[in-house]
Structure formats: structure tokens, C-alpha cells
Amino acid sequence: MTMHETFKPIKEAFEKEGIDVASAAFSITPYSLNTKLSFKFSNADELLYFLGVSSPGDTAGIEHINKLIVDAGVQPDSFFYVNFYTPKIAEL
């Protein structure tokens, strides 16, 4: 199974919920929050690839994601869950 095929159920879940992956906010946890948009990733590289932040020129994006992973108390080389959600819009 290719990486693209692995992400197919995730992308379908986003489509079903009407949320754009690029605009979704997320949290990283060692466990699932059991929501429709909570997904297990094998490691940091898989998440970076899914988010499109895996290019060598995007060091700031890679560092940011790696910091989120470490701050969540999970190991970048181990599995973890990413819980996506619609970002809240502040009311004026």
C-alpha cells in the first residue's frame, strides 16, 4: 500500500465532514479522542508527508510540527494520534 492509498480514508473523512485539510486545526496526542477526524500516524515523517510539509526547503514547517509532537509528549519515531477539527473563528 502506498502512502497516498494510506491517506485515502483520512481524505474521505475530511470530505464527508466538509473540512479542508489545509485549513483544519489539530492537536497531537498519544491517544485517540475518538472523533470522526482523529487518526493514527505511524511517525512524524508520515504526518509531515500527509500535511505536505516534507520538502527539504520547508525547514520552518518541519521544525514547527516536530515541536508540536515533542510538546505533546510523544516520540517522533513512534505512533501518535492527530485530532483534526475546524478552527474556531473569533467573533467580533
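The structure we're discussing is the one just above.
Residues numbered from 1 in each chain as written. Predicted model: local features only at pLDDT ≥ 70, side-chain atom pairs only at ≥ 80, totals over all residues. Heavy atoms only, no water.

**Remarks on the packing of aromatic side chains**
Stage number 1. Applying the stated criterion across every chain, the model contains 10 aromatic pairs.
Stage number 2. Consider the rings of Phe14 and Phe84, whose centres lie 5.0 Å apart with planes at 75°: the pair is edge-to-face. Here Phe14 is found in helix α2 (residues 8-17), whereas its partner Phe84 is found in strand β3 (residues 80-85), with 70 residues between them in sequence.
Stage number 3. Judged by relative accessible area, which is 1%, Phe14 ranks as buried. (Phe/Tyr/Trp six-rings, centres within 6.5 Å; stacked < 30°, edge-to-face > 60°. Helix = DSSP H or I, 4+ residues; strand = E, 2+ residues; numbered from the N terminus. Buried < 20%, exposed > 50% of the residue type's maximum accessible area, 1.4 Å probe, protein only.)

**Some details on the nonpolar core**
Soluble, globular proteins show a tendency: their nonpolar side chains are buried together.
Stage number 1. Core analysis: the biggest nonpolar cluster contains 21 residues, and Phe14, Phe39, Phe41, Leu47, Ile69, Phe80 and Phe84 have the highest contact counts within it.
Stage number 2. A total of 4 residues in this core trace back to one element, the largest contributor, which is helix α3 (residues 44-51).
Stage number 3. Once you skip the residues sitting within four places of it in the chain, Phe39 turns out to touch Ile10, Ala13, Phe14, Phe80, Tyr81, Val82 and Phe84. (Core = buried A, V, L, I, M, F, W, Y, C linked by side-chain atoms within 4.5 Å. Contact = heavy atoms within 4.5 Å.)

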